[in-house]
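Here's the letter readout for the chains.
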Amino acid sequence: MTDYAPTPAFTEQAIGQAGLYDEAAADHEAFWAARAREYVTWSTDFDTTLDWSDAPFAKWYVGGQLNAAYNCVDRHVEAGNGDRVAIHAVAASGEDRAITYADLQREVCKAANALESLGVAKGDRVAIYMPMIPEAVVAMLACARIGAPHSVVFGGFSSDALKARIEDGEAKVVITSDGQFRKGKAMPLKDAVDRAVEGTTASKVLVVQRTGIDVAWDDERDVWWHEVVESASDQHEAQPHDSEHPLFILYTSGTTGKPKGILHTTGGYLTQCAYTNAVVHDLHPQSDVYWCTADIGWVTGHSYIVYGPLANGATQVLFEGTPDSPHQGIFWEIVDKYKVSILYTAPTAIRTFMKWGADIPAKYDLSSLRVLGSVGEPINPEAWRWYRDNIGDGTTPIVDTWWQTETGAIMNSPLPGVTELEPGSSQKPIPGISAEILDDEGQPLTEPEKVGYLVLTKPWPAMLRGVWGDPQRYKDTYWSRFGPEYYFAGDGAKYDDKGNIWILGRVDDVMNVSGHRMSTAEIESALVSHPRVAEAAVVGASDETTGQAVVAFVILRQDGAEGGLEGDDLVQELRNHVGQQIGPIAKPRSIMVVDELPKTRSGKIMRRLLKDVAENREIGDVTTLADSSVMNLIKQGMDKPAAD
Ligand code: WT7
């Protein structure tokens, strides 16, 4: 037994027990049918667990009907738990508000009534562009209640990015707030919506007053949340929806410039979110205080703030602020104050805390913590051990959870009461999930240390049902690389000698910056939309804190430079341009102006070589370059570093 095996005491109380692996192996569909009936309340029971006849378009729990909002809220009140706190909403200012399940039920009903009064009906799409305030959760659940798929857009995305998502999903209503607090300051938010909705299908904008800052107002279009929601009835009958009714669209970056609207439906998604939150996080709703630090604008916020924990009747913390404001100990102050027992956060945050020093968490009482989680990117073993020792008292299990926007819920992870942990590895598929590693030819790899591609070999309940409006892209992206029986995740992976799976990062042109997915093509197209840029190549270079950082190489246009910005000023201008096109998170860490880019004879940019430069490595094989002297030129230019 090593230090990293679960203690008998933990195992004894754990929700996820070893028998789940056997049950799933014995009968995949029967296993998932049992989970659906265990974790979800159905208005009408399903008759077929899985219909895969139209692969890769899956149908789960066919014939079943349910309401996701009823499952996340009403049923807990009906079970007598209306007084349980659902959400400790901790504002950026430190002020807090405890929202019980009974409160949440009233708020969700009022919001559903208000949305219906604005013309939202089942099937209509609603865009949500909000900070981390409880109204965001209420808005999502109100949509789910009506059966109006929501499309949450991260509040850090730009107006242009929001507009593209409103247009693609043809949203009828946008829900936002006047502004949001960032490091103690009120910053505008609604003004980005005003620009984004121009000329789109969105005819109403519902606005939460969060900061009280001045906003422009269109009397025809804009409505205050505190007027229409507060005055609405708190009674709303939740209608059952088909298991396969669309629950939400969430956009994520792919290998082209256009983000994909990942479509999730109701029954399978809710089942897997609730089940994984129970067995992986070991959530005991009567006694735990759970905190997932993700933003609701990402899939982690959807699955592990809203749908999983609320379906399970959890008490959770919802934090509006950032880890460094008002001070670098705020996370630990929150854990201490609310007695958080399960903390789910990202490697980039852990590495930041490492940098700030262990003496900061040491000032707080973290003894309530009993499960720690990690998500979004590989966690390096050093950060894993730091997390375990300094946050988890050297004893707390850490669940490193691998999954994606597309998978909807956790796929690979240890079970904290069963698995002997291996720092840095998400270890193996959870019960009910099947994965393999394939080589270039599609042959399964079994030997340790051989690097291949991670694939999923059986459909799973929370899987994406498609790319919104683009079924062909769905097939091409996920189901063609290794044939129609393998879901290609886009990640490189290998086994170690104990059979653990190690995720090695993306194999496509997708970067992972602070656990957020960024597309090289999307940032390149933002750069070339600037009048001074002729060509751009973007790579993800490894970065100590953020995992990867965006590094751009640009060729300037020959014309139009007269009197324009130069040098550092131009670089700054280009960074801001990307921020405006996509959002501040997409701004390159550095931009290098070059005369040429390394290309193959067929004209494909060899990003691998640029990555070598960006990571200060010896440059790799250049034999396929059309002009091999290019790399010398770039390398020379790199010696005088561009502005950061
Ligand atoms: C990509 C998915 C999962 C929700 C947040 C990100 C990487 C995610 C891990 C992990 C290694 C991980 C993969 C994956 N990733 N979790 N535990 N270990 N890599 O969702 O934006 O859809 O990104 O994040 O590369 O493909 P996403």
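Definitions and limits used
Residues numbered from 1 in each chain as written. Predicted model: local features only at pLDDT ≥ 70, side-chain atom pairs only at ≥ 80, totals over all residues. Heavy atoms only, no water. Domains from an automatic or database assignment. Contact = heavy atoms within 4.5 Å. Buried area = accessible area lost by both parts, 1.4 Å probe. Salt bridge = Lys/Arg side-chain N within 4 Å of Asp/Glu carboxyl O. Nonpolar A, V, L, I, M, F, W, Y, C, P; charged D, E, K, R; others polar. Helix = DSSP H or I, 4+ residues; strand = E, 2+ residues; numbered from the N terminus. Pairing = 2+ DSSP bridges. Axes fitted to C-alpha atoms, helices over the stretch in contact; angles between N-to-C directions. Expected span 1.5 Å × (residues − 1). Buried < 20%, exposed > 50% of the residue type's maximum accessible area, 1.4 Å probe, protein only. Near = heavy atom within 4 Å. Polar contact = N/O pair within 3.5 Å; in protein donor to acceptor, adjacent residues only side chain to side chain. Areas by Shrake-Rupley, 256 points an atom, 1.4 Å probe, with all protein chains shown as cover. Core = buried A, V, L, I, M, F, W, Y, C linked by side-chain atoms within 4.5 Å.

**Some remarks on the domain arrangement of the protein chain**
Structurally, the protein chain comprises domain 1 (89–234), domain 2 (436–506) and domain 3 (510–637). At the junction of the two partners, domain 1 supplies seven residues and domain 3 supplies eight residues. It is Phe157, Ser158 and Asp160 that lose the most area in domain 1 upon contact with domain 3, and together they represent 58% of the buried surface on that side. Our count for the domain 1 to domain 3 interface comes out at zero salt bridges. Here the residues of the side of domain 1 that touches domain 3 sort into three nonpolar, two polar and two charged.

**Comments concerning the environment of Arg385**
The topology assignment puts Arg385 in helix α15 (residues 381–391). Distance from Arg385 to Thr600, taken between C-alpha atoms, is 42 Å for residues 215 residues apart in sequence. Arg385 has contacts with Tyr4 and Pro423, leaving out every residue within four places of it along the chain.

**Comments concerning the sheet that holds strand β22 (residues 452–456)**
A sheet is described by the order of its strands in space; here four strands give the open sequence β21-β22-β24-β25, paired in antiparallel fashion. Unpaired on one side and paired on the other, β21 (435–438) and β25 (501–506) mark the two borders of the sheet. With direction set aside, neighbouring strand axes in the sheet form an average angle of 45°. Pairing of strand β24 (residues 487–495) with β25, which is carried by five bridges, proceeds in the antiparallel orientation. By the bridge assignment for β25, Lys494 is matched with Trp502.

**Let's talk about helix α6 (residues 134–146)**
Taking 1.5 Å of rise per residue, 13 residues should cover 18 Å, and α6 covers 19 Å from first to last C-alpha, within 8% of that figure. The buried count for α6 comes to 13 of 13 residues, which makes it a mostly enclosed element. Where α6 terminates, the next one or two residues include Gly147, which has phi positive at roughly 90°.

**Notes on the site of the ligand**
Taken together, 18 residues surround the ligand, and among them Asp400, Thr401, Thr405, Asp491 and Arg517 come closest. Separating an oxygen atom of the ligand from a side-chain N or O atom of Asp491 is a distance of 2.6 Å. Contact between the ligand and Arg506: an oxygen atom at 2.9 Å from a side-chain N or O atom of the residue. Burial of the ligand by the surrounding chains reaches 96%, relative to a free accessible area of 550 Å². Broken down by secondary-structure element, the contributors of at least two residues to the shell around the ligand are α11 (299–311), β20 (398–401) and β25. Residue composition of the shell around the ligand, grouped by class: six nonpolar, seven polar and five charged. When residues of the shell around the ligand are assigned to domains, at least three map to each of domain 2 (436–506) and domain 3 (510–637).

**Digging into unusual backbone geometry**
Residues other than glycine predominantly adopt negative phi, and peptide bonds predominantly adopt the trans conformation. Here the residue pair Ala55 and Pro56 is connected by a cis peptide bond, since its omega of 5° sits within 30 degrees of zero. With respect to the helices, strands and loops of the structure, Pro56 is situated in the loop between β1 (48–51) and β2 (59–62). For the bond from Ser325 to Pro326, the omega torsion is 5°, close enough to zero to count as cis. Considering the arrangement of structural elements, one finds Pro326 in the loop between β17 (315–319) and α12 (330–338). Phi is positive for Asp282, which is not a glycine, with a value near 55°. Mapping Asp282 onto the fold places it in the loop between α10 (267–279) and β16 (289–292).

**What about the nonpolar core?**
Within the largest apolar cluster, 117 residues are counted, with the highest numbers of intra-cluster contacts made by Leu104, Leu141, Ile175 and Tyr307. For this core, the leading source of residues is α6, giving ten residues. In this structure, this core is formed jointly by two domains, domain 1 (89–234) and domain 2 (436–506), each of which donates at least three residues. Excluding its chain neighbours within four sequence positions, the residues that come into contact with Tyr307 are Ala68, Cys72, Met140, Leu141, Ala144, His150, Leu247, Phe248, Tyr269, Leu270, Cys273 and His302. Counting residues in each nonpolar core, the second largest holds 40 residues, with Ala161, Leu162, Ala171 and Ala202 among its members.

**Points about the pattern of salt bridges**
Within this structure, the stated rule accounts for 36 salt bridges. A salt bridge links Lys183 to Asp324; the shortest N-O distance between them is 3.0 Å. Note that Lys183 is positioned in the loop between β9 (179–182) and β10 (185–188) and Asp324 in the loop between β17 and α12, a separation of 141 residues in sequence. In this structure Asp324 comes out as partly exposed when scored by relative accessible area, which is 31%. Glu422 is the partner of Lys498 in a salt bridge, and the nearest nitrogen-oxygen pair spans 2.6 Å. On the criterion of sequence distance, the pair formed by Lys498 in the loop between β24 and β25 and Glu422 in the loop between β20 and β21 is long-range, its members being 76 residues apart. For Lys498, a relative accessible area of 60% puts it in the exposed group.

**Describing the side chain of Thr401**
With respect to the element layout, Thr401 can be found in strand β20. Within the structure, the side chain of Thr401 is placed 2.6 Å from the side chain of Tyr344, a separation counted as a polar contact. Among the polar contacts listed, one links the side chain of Thr401 to the backbone oxygen of Ser374, at a separation of 2.9 Å.

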